[in-house]
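The lines below spell out each chain.
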Amino acid sequence: MIGARWLQEMAGQLAAVDGVLAVALGGSRARNTHRPDSDVDLGLYYERETLDLGALEDLARRWAGRRVEVAAPGSWGPWVDGGAWLTVNGTDVDWILRDVERVREQCHRARRGQFGFHAQAGHPLGFLDVAYAGEAATAVPLVDAGGVLAGLRELVTPYPEALRAAMIDNLWQVDFFLDGALKGAKRGDAAYVALSASHAVLLVAHAWHAAAGEWATNEKGLTANVARLAIESHGFAEIATRSLAYVGRRPAELVSTLTDLKTIPRPAGDVRA
């Protein structure tokens, strides 16, 4: 297991690379919800014009004891961006590139109540663009000499009221998905129903997090985590899990699942933590 001292040393070396402006601990370890086998996620906040990928690869090789490819910005898709996967002392360590200007742009969009989900490998619902703002708000700065992370966090702390309202207003899509899926259900199209139902549930889960003023940065654990929010969610997580555990095979079963999900608890506009 990589220790805190080594992690801080790694962050210091990363911050010394040209173009890296700040390094932060993110993911479950930043939120203190990690398991012993959880990855260590390090966000590398960089300036696009000056980032030295060669120096990052040299550093990755020294830490991992073998050659490690550092994916250039955009190599992992338009939103995951790039970075590297290392194993250090038996611990998986992910270096995740974050373009400071793109992060700042999403922080301002979040403040205005604007957001969108974008097609991205590894994100079934889609990558939530203002998750960049959520990462900046919840990450633990390890090196931030220039105050870059501090400035980004200030932009989106506390959770923007405009974004909370927009996430809840977006719940019109839930009925759109569920009503549309009824056509597939009557034909026994379980795949279409499962996809539509999952999308609907995840949109509601995002809205519950927004209602509680809690940032959600991806779909992993999103539904189950609603039960741990400091807000009354009326059994949402349990109902969602039960409904999605078996959507059905026959038309009658599929229609029943969609009917149940139509009544799944949703946050209202006046709900707050």
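Predicted model, so just to flag it, every value in this text is computed and none were measured. (Residues numbered from 1 in each chain as written. Predicted model: local features only at pLDDT ≥ 70, side-chain atom pairs only at ≥ 80, totals over all residues. Heavy atoms only, no water.)

Draft legend 1. Geometry of the packing of aromatic side chains. This model, assessed by the stated rule, comprises 8 aromatic pairs. When the centroid spacing of 5.6 Å and the interplanar angle of 50° are considered together, the rings of Trp79 and Tyr132 count as tilted. Here Trp79, found in the loop between α3 (53–64) and β3 (83–88), pairs with Tyr132, found in helix α5 (residues 131–138); they are 53 residues apart in sequence, far enough to count as distant. For the pair formed by Trp79 and Tyr132, the shared burial category is buried. Note on Phe127 and Tyr132: the rings are 5.6 Å apart at their centroids and 70° apart in plane angle, and the pair reads as edge-to-face. Each of the two residues, Phe127 as well as Tyr132, counts as buried. Three or more aromatic residues joined by ring pairs make a cluster, and in this case those are Trp79, Phe127 and Tyr132. Taking the ring centre of Trp79 as reference, the NZ or CZ of Arg102 above it sits at 4.3 Å. (Phe/Tyr/Trp six-rings, centres within 6.5 Å; stacked < 30°, edge-to-face > 60°. Helix = DSSP H or I, 4+ residues; strand = E, 2+ residues; numbered from the N terminus. Buried < 20%, exposed > 50% of the residue type's maximum accessible area, 1.4 Å probe, protein only. Lys NZ or Arg CZ within 6 Å of the ring centre and 35° of its normal.)

Draft legend 2. Main features of helix α6 (residues 148–155). All of the buried residues along α6 are Val148, Leu149, Leu152 and Leu155. For α6, the angular spread of buried residues about the axis comes to 120°, placing them on one side. Packed against the buried residues of α6 are β1 (20–26), β2 (40–46), α4 (100–112), α5 and β7 (140–143). (Arc of directions from axis to C-beta. Contact = heavy atoms within 4.5 Å.)

Draft legend 3. Local environment of the pattern of salt bridges. Counted by the stated rule, this structure contains 11 salt bridges. The salt bridge partner of Asp58 is Arg61, with a shortest N-O separation of 3.3 Å. Of this pair, Asp58 and Arg61 both sit in helix α3, 3 residues apart, roughly one helical turn. Classification of Asp58 as partly exposed rests on a relative accessible area of 34%. Arg61 sits in the partly exposed class, given a relative accessible area of 40%. (Salt bridge = Lys/Arg side-chain N within 4 Å of Asp/Glu carboxyl O.)

Draft legend 4. Geometry of the sheet that holds β7. Strands sit in the order β3-β4-β2-β1-β7 across an open sheet of 5 strands; the sheet is mixed. Only two strands of the sheet have a single partner each, and these edge strands are β3 and β7. For this sheet, the mean angle separating the axes of adjacent strands, direction not counted, is 30°. Along the sheet, helix α1 (residues 4–15) makes contact with β1, β2, β3, β4 (91–99) and β7, crossing β7 at roughly 65°. Sheet strands in contact with α3 are β1, β2, β3 and β4, and its direction is about 15° off that of β3. (Pairing = 2+ DSSP bridges. Axes fitted to C-alpha atoms, helices over the stretch in contact; angles between N-to-C directions.)

Draft legend 5. Highlighting the environment of Ser256. Mapped onto the secondary structure, Ser256 falls in helix α12 (residues 251–262). For Ser256, a relative accessible area of 37% corresponds to the partly exposed category. Expressed as a C-alpha distance, the spacing of Ser256 and Leu182, which sit 74 residues apart in the sequence, is 9.8 Å.

Draft legend 6. Region of the structure containing the environment of Leu7. Topologically, Leu7 is positioned in helix α1. A C-alpha to C-alpha distance of 15 Å links Leu7 and Ser38, two positions 31 residues apart in sequence.

Draft legend 7. Local environment of the nonpolar core. Membership of the largest hydrophobic core comes to 32 residues, with the highest contact counts inside it found for Val174, Trp208 and Phe236. Of all the secondary structure elements, the ones that give two or more residues to this core are α8 (172–186), α9 (190–211), α11 (236–245) and α12. Element by element, the count of residues in this core is highest for α9, at 11 residues. Ignoring sequence-local partners within four residues, the contact set of Val174 consists of Ala200, Leu203, Val204 and Arg266. (Core = buried A, V, L, I, M, F, W, Y, C linked by side-chain atoms within 4.5 Å.)

Draft legend 8. Structural view of the packing of α4 against α5. Contact pair α4 / α5: the axes reach a minimum separation of 7 Å and the direction vectors enclose 100°. Between α4 and α5, the angle is such that the two are roughly perpendicular. Packed against α4, whose contacting residues are Arg102, Val103, Gln106, Cys107 and Ala110, the element α5 presents Tyr132, Ala133 and Ala136 at the interface. Split into classes, the residues belonging to the contact of α4 with α5 amount to 6 nonpolar, 1 polar and 1 charged. (Parallel < 35°, antiparallel > 145°, perpendicular 65-115°, else oblique. Nonpolar A, V, L, I, M, F, W, Y, C, P; charged D, E, K, R; others polar.)

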